[in-house]
Amino acid sequence: LRIEEIAKKYNSNHIAIMGAINFIERKQGIGWAIFGTICVPFLSWPLTIPHLLKKQTDTFVYTIVFDLKTRETMMLKVSHTGIADYRDVTKSIVYDHLKQANRTGKKKNH
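Computed from a prediction, not measured in an experiment: that's the story for all the values here.

The rules behind the values
Residues numbered from 1 in each chain as written. Predicted model: local features only at pLDDT ≥ 70, side-chain atom pairs only at ≥ 80, totals over all residues. Heavy atoms only, no water. Helix = DSSP H or I, 4+ residues; strand = E, 2+ residues; numbered from the N terminus. Buried < 20%, exposed > 50% of the residue type's maximum accessible area, 1.4 Å probe, protein only. Contact = heavy atoms within 4.5 Å. Areas by Shrake-Rupley, 256 points an atom, 1.4 Å probe, with all protein chains shown as cover. Polar contact = N/O pair within 3.5 Å; in protein donor to acceptor, adjacent residues only side chain to side chain. pLDDT = per-residue confidence, 0-100. Pairing = 2+ DSSP bridges. Axes fitted to C-alpha atoms, helices over the stretch in contact; angles between N-to-C directions.

Brief notes about the overall build of the protein chain
The helix and strand inventory of the protein chain stands at four helices and three strands. Classification of the 110 residues of the protein chain by burial places 23% in the buried group. Excluding contacts between residues fewer than 6 apart, the proportion of contacts in the protein chain whose partners are at least 24 apart in sequence is 63%. Of the roughly 8,700 Å² that the protein chain leaves accessible, carbon and sulfur atoms contribute 60%.

Structural notes on the side chain of Asp-67
Counting through the fold element by element, Asp-67 comes out in strand β2 (residues 56–67). Within the structure, Asp-67 has its side chain in polar contact with the backbone nitrogen of Lys-69 (distance 2.9 Å).

Here's the deal with the confidence of the model for the protein chain
Mean pLDDT over the protein chain stands at 78; residues scoring 70 or higher make up 71%. Highest mean pLDDT in the protein chain belongs to strand β3 (residues 72–81) (90); lowest belongs to helix α3 (residues 41–53) (66).

Points about unusual backbone geometry
Positive phi values are uncommon outside glycine, yet Asn-11 reaches one of about 50 degrees. A positive phi is found at Arg-71, a non-glycine position, where the angle reads about 60 degrees. Tracing the chain through its elements places Arg-71 in the loop between β2 and β3.

Things to note about the sheet that holds β3
Paired through their backbone hydrogen bonds, the strands of a sheet run either parallel or antiparallel. Strand order in the open sheet formed by three strands is β1-β2-β3, with antiparallel pairing between adjacent strands. At either margin of the open sheet sits one strand with a lone partner, and together these are β1 (14–25) and β3. Looking at each pair of strands side by side, their axes are set apart by 10 degrees on average, direction ignored. Where β1 lies against β2, 12 bridges are found, and the strand directions are antiparallel. Residue pairing for β2: Ile-24 is matched across the bridge by Thr-57.

A closer look at the pairing of β2
One ladder, built from nine bridges, connects β2 with β3; its direction is antiparallel. For Val-65, the partnering residue across the bridge sits in β3 and is Met-75. Connecting β2 to the antiparallel partner β3 that follows it, the hairpin turn spans four residues, and Arg-71 within it adopts a positive phi of roughly 60 degrees.

A short note on the side chain of Thr-81
Position of Thr-81 among the secondary structure elements: in strand β3. Looking at Thr-81, the relative accessible area reads 16%, which means it is buried. Not counting chain neighbours up to four residues away, the residues in contact with Thr-81 comprise Thr-57, Asp-58, Thr-59, Val-89 and Ile-93.

Section: the environment of Ala-7
Within the secondary structure, Ala-7 is located in helix α1 (residues 3–10). When its relative accessible area of 18% is taken as the criterion, Ala-7 is described as buried. Residues Ala-7 and Leu-68, spaced 61 residues apart in sequence, show a C-alpha to C-alpha distance of 6.7 Å.

The structure is reproduced here in structure tokens:
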């Protein structure tokens, strides 16, 4: 579909593209954590066991809002969390992005 057709079909002058990207990173220092657990088991367990069990993740949530009439980008927002892709966290970020997009649209219309 062409841009004009999209605007007409949904009776809107704006379109938003949203998404979330989750990265799971390789752990660093696994050898040292295992070595510490073997050499000094009771003292190192509180530090090494959580390190070995926890995943290192990053989640990025993005929102891009376009004005279909002027063909300009009205909003570009990227949020980063250093935690796993938890559904509730992602939903709250998306909600925040939508609230900001709504405010951006109201400012441009006045």
